[in-house]
Every structure is written in C-alpha cells, then in structure tokens.
Amino acid sequence: MAKTALQFRHNGRDVAVFVDGGVNLLATLRDMVGDMTPKFGCGQGGCGACTVLIDGDAHLACLTLAETVAGRSVETLAGLKDGPHLHPLQRAFMEHFAAQCGYCTPGMLMAAKALLDHNPSPTRDEVVNAISGNICRCTGYEPIINAVLAAAGGRARA
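Residues numbered from 1 in each chain as written. Predicted model: local features only at pLDDT ≥ 70, side-chain atom pairs only at ≥ 80, totals over all residues. Heavy atoms only, no water.

Undergrad: Where do I start with the sheet that holds strand β3 (residues 51-54) in this structure?
TA: Spatial strand order, β2-β1-β5-β3-β4: five strands in an open sheet with mixed pairing. For this open sheet the edge positions go to β2 (13-20) and β4 (57-60), each flanked by a neighbour on one side alone. Here the strands of the sheet are splayed against their neighbours by 40 degrees on average, with no regard to which way each runs. Two elements, β3 and strand β5 (residues 73-75), share two bridges in a ladder whose sense is antiparallel. Note on β5: the bridge partner recorded for I54 is V74. Those strands touched by helix α1 (residues 25-33) are β1 (3-10), β2, β3 and β5, and its axis lies near 110 degrees from that of β2. The strands that helix α3 (residues 105-118) touches are β3, β4 and β5; relative to β3, the one it contacts most, it runs at about 35 degrees. (Pairing = 2+ DSSP bridges. Helix = DSSP H or I, 4+ residues; strand = E, 2+ residues; numbered from the N terminus. Axes fitted to C-alpha atoms, helices over the stretch in contact; angles between N-to-C directions. Contact = heavy atoms within 4.5 Å.)

Encoded structure:
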C-alpha cells in the first residue's frame, strides 16, 4: 500500500511523516512521532485515554484518521509543560491527588485544557461535562473535578 506524506504541528513543532491510508492519529503519534503520552485504552472511542487537542479542540486520537490533521496543530500531554515548569492543570492534579494509577490522566488533562482554554471560569457542571468522555477507574472523579476547578483559579461559579 502506498504511503501518504503527512505534515502537521505537534506540540509547537513541525512534523513530517509517511502514513498508511486509514491509520489513526494515535498510532501515528505513538509509533511514528514517538509521543507516548496519548494512551491506547479501548481503541473504540469509549474511554478517552487518547484525547488530544486538534486546533485547540479535544478529539479522540484512536478515532481520528491521521491524514485529517494535515496542516493542523496537534497538542498532547507532552506539550503541556514548559521545560521543568508544570502547567497549572498538572500542578492542580498533583496537589488534589487527581491521578492515581495515571492511565486516564493524559486524556483527562487534555480534555480539561480544552475546556479551560475555551472557558477559563467553568462551573462544576461544565467540568463534569468536559471530562465525561474520559473513564477513570481509580479516583471517583471528585479529585479530578476539584483539580480542574482549582486550576481555573477558584473563579468557578456554583
């Protein structure tokens, strides 16, 4: 099968790879770009572990054809921190014990980042809705919700 040239921005840097037709973005990021932060969970779009931002919006990388990100910006957990400085969401997750086993954490963080980028002062219900596509089997969600609200700066409305 012929390969297709694919160019996109990955965490602020230009990337060019050759992909097979029909390959998903998750496999491209992990196998060809070397970014292991989006996790493979269910492979069917049900768990959210592979959530990435495409042009600022949350998408499931396992359901996104790699070719559809040509010329676009893809952001993963690997691009969230700035050198040794954690992103406010990462710091809030740490401070609120929002990561236990950590498998869902990359997807949760990216879904939360998409929310806060579009709405810096969300309500609790808006946080719950934003992370509703991400399954966590460890925390019971409350620490995650509290961490997102804390990262919003405590400006959340009831």
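Now that the structure has been shown, we can carry on.
Undergrad: What am I meant to see in the environment of G21 here?
TA: Locating G21 in the fold gives a position in the loop between β2 and α1. Assessed through its relative accessible area of 38%, G21 is described here as partly exposed. Remark: the alpha-carbon pair of G21 and A58, spanning 37 residues in sequence, is separated by 23 Å. (Buried < 20%, exposed > 50% of the residue type's maximum accessible area, 1.4 Å probe, protein only.)

Undergrad: Would you mind going over the pattern of salt bridges with me for this structure?
TA: If charged atoms from side chains of opposite charge come close, those side chains can pair. Across all of its chains, the model carries six salt bridges by this definition. Among the salt bridges present, the one from D55 reaches R72, with a minimum N-O distance of 2.9 Å. Here the residue D55 occupies a position in the loop between β3 and β4, and R72 occupies one in the loop between β4 and β5, the gap between them amounting to 17 residues. The class for D55 is partly exposed, based on a relative accessible area of 43%. On the accessibility criterion, R72 (28% relative accessible area) is partly exposed. Residue K113 is joined to D117 by a salt bridge in which the shortest nitrogen-to-oxygen separation is 2.6 Å. (Salt bridge = Lys/Arg side-chain N within 4 Å of Asp/Glu carboxyl O.)

Undergrad: Before we go on, may I ask you to explain the nonpolar core in this structure?
TA: One recurring pattern in soluble globular proteins is that nonpolar side chains are buried together. L89, F93, M108, L109, V127, I144 and V148 are the most contacted members of the largest nonpolar core, which has 24 residues in total. Taken together, the elements giving at least two residues each to this core come down to α2 (88-95), α3 and α5 (142-151). Among the elements that line this core, the one with the most residues is α3, at seven residues. If we ignore the near neighbours within four places in the chain, the residues touching I144 are F93, A98, M108, I131, C136 and T139. Formed by 17 residues, the second largest nonpolar core is a distinct cluster that contains V33, I54, A66 and V74. (Core = buried A, V, L, I, M, F, W, Y, C linked by side-chain atoms within 4.5 Å.)

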